[in-house]
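Commentary on secondary and tertiary structure
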Amino acid sequence: MLVELKYCFALQFEEDWSFDGQLSKFNQTLRNDLPQIMDQEDLLYHMSHSIFIVSFGNNDFMANYLPPSNGTFSTLLPETFGKVLLDAFSIRLTALYKLGARKMVVNNVWPLGCTPHYIKSSDALDSCNMTVNRYLLPYSTGIPGMLSGLASSLAGSSFSNSDNFEFVRDLKKNPATYGNQSNNDQI
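Just so we're clear, the structure is a prediction, and the values are computed from it rather than from any experiment.

1. Comments concerning the packing of helix H4 (residues 78–98) against helix H6 (residues 130–153)
The axes of two packed helices give the description: the angle between them and the distance between them. Close contact between H4 and H6 brings their axes to 8 Å; oriented N to C, the two are set at 35 degrees. Remark: the crossing between H4 and H6 carries right-handed chirality. Counting all contacts with H4, which are made through Pro78, Glu79, Gly82, Leu85, Leu86, Phe89, Ser90, Leu93 and Thr94, the residues of H6 involved are Tyr135, Pro138, Tyr139, Gly142, Ile143, Met146, Leu147 and Leu150.

Shown next, in the form of structure tokens:
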């Protein structure tokens, strides 16, 4: 049986779901909706064999940390903010595990310094804002270790790191590999 459910940060229908809000909605779906189409044994089997794709951090960086933000965390060092996010993400992944998720593909943040807003504010137009990208590294490079720790402490779990940061770096360094002509290799 194929059941696809998408929970994402959204500003549609005037709802803004935080990660905790998404977990709450997913828990409601597990408790109220899915039992109407499968029994408890099938639901547990389905959950343990499903692949969950999870992203965390992009909005936190943009709204609370990176310039021009004067958000709650904007005065922290990148290493400190990265640890705050990693700790928060670990708690949320553990909550998802407690809901029955066992196989998770985790995306790190993509190089936000390569988005138009930050390129425009960079000294080198059409190049990535390297300062912004350096702010992201403690978080992005800390994810594999966090996932390894979770995998060893959460029985039966499996985590894969989808390294969006390195993918975009490779895309910019080797554009022809991906069918692009541009050769802007700064990330």
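Continuing now.
2. Re the confidence of the model for the protein chain
Confidence along the protein chain averages 84 in pLDDT terms, with 84% of residues attaining 70 or more. Scored below 50 in pLDDT, residues 9–13 makes eight contacts in the model with residues more than four places away or belonging to other chains.

3. Considering the environment of Asn133
Inspection of the secondary structure puts Asn133 in helix H6. Through-space distance from the C-alpha of Asn133 to that of Phe165 is 9.0 Å; in sequence the pair is 32 residues apart. In terms of polar contacts, Asn133 uses its side chain to reach the backbone amide nitrogen of Leu112, at 3.5 Å.

4. Quick look at the sheet that holds strand S3 (residues 158–162)
Across the sheet, three strands lie side by side as S1-S2-S3; this open sheet has parallel pairing. Lying at the two open borders of the sheet, with one neighbouring strand each, are strand S1 (51–55) and S3. On average, each strand axis in the sheet is tilted by 25 degrees relative to the strand beside it, whichever way the strands run. Bridge count for strand S2 (residues 103–107) against S3 is five bridges, and the pairing is parallel. Residue pairing across strands places Val105 opposite Ser160, the latter belonging to S3. Together, S2 and S3 form the strand contacts of H6, whose direction differs from that of S3 by roughly 170 degrees.

Criteria and thresholds
Residues numbered from 1 in each chain as written. Predicted model: local features only at pLDDT ≥ 70, side-chain atom pairs only at ≥ 80, totals over all residues. Heavy atoms only, no water. Axes fitted to C-alpha atoms, helices over the stretch in contact; angles between N-to-C directions. Helix = DSSP H or I, 4+ residues; strand = E, 2+ residues; numbered from the N terminus. Left-handed = near helix turned anticlockwise from the far one by under 90°. Contact = heavy atoms within 4.5 Å. pLDDT = per-residue confidence, 0-100. Polar contact = N/O pair within 3.5 Å; in protein donor to acceptor, adjacent residues only side chain to side chain. Pairing = 2+ DSSP bridges.

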